[in-house]
Amino acid sequence: MAFNSKHLFQRKSHQQILDRLEEDAHAGGGMNKVLTVRDLTALGIAAIVGAGIFSTVGKACFDGGPGVIFLFIITPIVCAFSALCYAEFASRVPISGSAYTYSYVAFGELTAWIIGWALIMEYAIGNVVVAISWSSNLKTLLQNLGMNIPDYLSMSFFEVKSGNTEFMRLTESHGTITPDLTAYHNLWVNAPHLGSIPIILNFPALVITFLITWLAFVGIKESRTGSNLMVAFKLLVVCAVIAIGFFHIKPANWTPFLPNGMGGVMKGVSAVFFAYIGFDAISTTAEECKNPQRDLPKGMMYSLIACTVLYILLALVLTGMTKYTNLNTESFLANAFNSIGMYWLGGIIALSAVVATTSVMLVFQLGQPRIWMSMSRDGLLPPAFKRVHPKFKTPSFATIVTGLLVGIPAMVMDSNFVTDLTSIGTLFAFILVCGGILVLNKDKSGPRPKFKVPYINGRFLLPLIFIAIIVIFQYASPGTLSDFFNLNGIAKAENISYSDAFIERIPYFVFLIICSLMLVFSILRKLSLIPVLGVLSCFYLMTQLAVVNWAWFAIWLLIGLAIYFGYGVKHSNLRKLNA
């Protein structure tokens, strides 16, 4: 079959998707429809209140001080824009696949593949971070019980290697060496060696990944029950932490409120955004919902609202109980209560952290196989990925591959590196989902969705919002906008070369171009304001991630494109159908 570039941008119709879903159901490949609004909300909370609230949020509080609550307000607003767009898509296209399927409908096959490949960063690679966090929480819990796992069997190889490298650099430059860097160095030197290579493997991360993969394999009903129980327990603990911590707040700890300015607050973007991702994982279970078009939008919004309230209250309590400088630890939540003598609560928090990260892993391990299943149905991946187990009614092969993809890297990867990659991949997916709504607003051929993003004409409001932001910046921080373009000044202030200063500003320049285009199109075509704000706010958060993350993300996409043009183009069902 001759290659035609037009095939790359062919879109699937709503009817084609629904017909294929019905064919699979008649062929015995359908999935169990058991999830309700309550279950979906619990799955959303399970994904959001997890690794972030028990691990990455501490670093964000350390960087931003008490003012980190601004980031806990900004991030859910960004997520809310995207959640509304996800909700409309879920109402239009009630099928597994999440942003991958939505992009296939809105933009065509090539974009769908790109977003499907990017979502691996959110679910599979993101779960590497969660598995590493679970291992750390388990270690803290066992230490509270008087037991211990050797460090070389409970830490990740590249995390220790990175810490040892930083230790050696600071030693040579006579810099300040923190206790954690010393611990990394000692482990690197004293761990058992195979030749010159130290044997450092995170076995607990591997074990929990395989256990969660087994639960995801045996069925959605079992996964739902386990998730609901874990969510109930961790919500009880988090609410208890907020209530008890409230009576130990010292207002003096909230001064200064912005110790490192808004720049310090925004340093926590990756950590805080990682804490919020997961609400979109609900959309991957569309085929297992009793009423997806009604229940999916509700589940997303309910879970996002509930978790936002919890995060803001928890950040205020934590930074009020102890100085923000004490929160840059793996077990910051338990340590905050240990510092005021409440060791018993520290132990309960450590247990809750293990439960919470377990529930997050479960949701993500459910999401990734269902995206691969959708891609396989379209012919873009080998047929094995769409195989549904005849007894358990789950995507069996895809679930096993996901377990391997998470468990093996979790033994060796550096969680900080993976966190940033997960965030940039997820933000990219959110941008395309919001952009997809803008495209579909012009397409009247599909069925009318039961939920639709409220239309607000952006012709006049978007320019006013831009003007307001510029005025606020100039008033709150005079000279910020002019200093932004002073690359010589930036290079001197950060002790880097002019070319490095320019490279670091590239994401911002791209963002300014996107803003200009969105402004022009909003004025000329009266674009809907909410999805436009979703695109711009997600893109802005991407600019807060280091350029090196953009480079790694670009490499990841190039690998994906090589697979697509090597396999997907030749086997695409849509291409065969329209040939």
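Scroll up a little and you will see the structure.
Counting restarts for each chain, with residues numbered from 1 along the sequence as it is written. Totals for whole chains, interfaces and linings use every residue, but because this is a predicted model, local features are given only for residues with pLDDT of at least 70 and side-chain atom pairs only at 80 or more, for both listing and counting. Only heavy atoms go into the side-chain values, all of them from the structure, while hydrogens and water stay out.

Colleague: Where do I start with the overall build of the protein in this structure?
Modeller: Regarding its fold elements, the protein presents 24 helices and 2 strands. Among the 579 residues that make up the protein, the fraction classed as buried is 57%. Any two residues having at least one pair of non-hydrogen atoms within 4.5 Å are treated as being in contact. Long-range pairs, those at least 24 residues apart, make up 84% of the contacts in the protein between residues at least 6 apart in sequence. Surface accessibility of the protein: about 24000 Å² in total, with carbon and sulfur atoms responsible for 68%. Secondary structure follows DSSP: runs of H or I at least 4 residues long count as helices, runs of E at least 2 residues long count as strands, and numbering of each begins at the N terminus. Here's how the labels work: a residue is buried when its accessible area is under 20% of the maximum for its type, exposed when over 50%, partly exposed in between, all with a 1.4 Å probe on protein chains only. Here the open area of atoms and residues is found with the Shrake-Rupley method and a 1.4 Å probe, where only the protein chains shown may cover a residue.

Colleague: Could you clarify how one ought to interpret the packing of aromatic side chains in this entry?
Modeller: One pair of aromatic rings is described through two measures. These are the centre distance and the angle between the planes. Between 30 and 60 degrees the pair is tilted, below 30 it is stacked and above 60 it is edge-to-face, where a pair is any two Phe, Tyr or Trp rings, Trp via its six-membered ring, whose centres lie within 6.5 Å. Scanning the model with the defined rule gives 17 aromatic pairs in all. Where Phe 246 meets Phe 247, the ring centres are 5.6 Å apart and the plane angle is 85°; that geometry is what we call edge-to-face. In this structure Phe 246 comes out as exposed when scored by relative accessible area, which is 53%. Seen from their ring centres, Phe 511 and Tyr 540 are 5.7 Å apart, and the 55° between their planes marks the pair as tilted. With Phe 511 in helix 21 (residues 498-525) and Tyr 540 in helix 22 (residues 529-543), the pair connects residues that are 29 residues apart, well separated along the chain. What makes Tyr 540 partly exposed here is its relative accessible area of 28%. Members of the aromatic cluster, connected to one another through ring pairs, are Trp 113, Trp 117, Trp 556, Tyr 564 and Phe 565.

Colleague: Where do I start with unusual backbone geometry in this structure?
Modeller: Outside of glycine, negative phi angles account for most residues, and trans bonds account for most peptide bonds. Cis geometry is found at the peptide bond from Thr 255 to Pro 256, where omega equals 0°. Mapping Pro 256 onto the fold places it in the loop between helix 10 (220-246) and helix 11 (261-266). Despite not being glycine, Lys 526 has its phi angle at roughly 55°, a positive value. One can find Lys 526 in the loop between helix 21 and helix 22. We classify Lys 526 as partly exposed; its relative accessible area is 38%.

Colleague: What's the story with the layout of surface pockets in this structure? I'm lost.
Modeller: Remark: the empty space left among the atoms is shown by a probe the size of a water molecule rolled over them. Its boundaries defined by the atoms lining it, the second largest pocket holds a volume of some 380 Å³. In this analysis, the protein atoms alone were mapped onto a 1 Å grid. Cavities are point sets where a 1.4 Å probe fits without being able to get out; pockets are open sets with protein on both sides within 12 Å along at least five of seven lines; lining residues have an atom within 4 Å of a point. In terms of lining, the second largest pocket is formed by 17 residues, of which the most central are Gly 435, Leu 438, Ile 514, Met 518 and Val 535. Every element with two or more residues in the lining of the second largest pocket is listed here: helix 17 (415-440), helix 21, helix 22 and helix 23 (547-571). Among the elements that take part in the lining of the second largest pocket, helix 21 stands out by supplying 5 residues, more than any other. Under this grouping Gly is polar, as are all residues other than the nonpolar Ala, Val, Leu, Ile, Met, Phe, Trp, Tyr, Cys and Pro and the charged Asp, Glu, Lys and Arg. Counted by class, the lining of the second largest pocket contains 14 nonpolar, 1 polar and 2 charged residues. Grid points are joined across faces, edges and corners, and a volume is the space filled by probe spheres set on the points.

Colleague: In this structure, what is going on with the state of the cysteines? I would like to understand it.
Modeller: The bond known as a disulfide is covalent and runs between the sulfur atoms of two cysteines. Cysteine sulfur pairs qualify as disulfides if the two atoms are within 2.5 Å. Per the counting criterion, the structure on display carries 0 disulfides. With no disulfide of its own, Cys 79 has Cys 538 as its nearest cysteine by sulfur position, at a separation of 7.1 Å. In this structure Cys 79 comes out as buried when scored by relative accessible area, which is 0%.

Colleague: For this particular structure, what's the right way to read the nonpolar core?
Modeller: What tends to happen in soluble globular proteins is that the nonpolar side chains get buried as a cluster. In this text, buried Ala, Val, Leu, Ile, Met, Phe, Trp, Tyr and Cys residues form a nonpolar core when linked through side-chain atoms within 4.5 Å. Judged by nonpolar contacts, the single largest core of 156 residues is most densely connected at Phe 72, Tyr 86, Tyr 100, Tyr 276, Phe 279 and Ile 349. Sorting elements by how many residues they give to this core places helix 6 (residues 109-144) first, with 21 residues. Counting residues in hydrophobic clusters, the runner-up holds 11 residues, among them Leu 181, Trp 188, Ala 191 and Ile 200.

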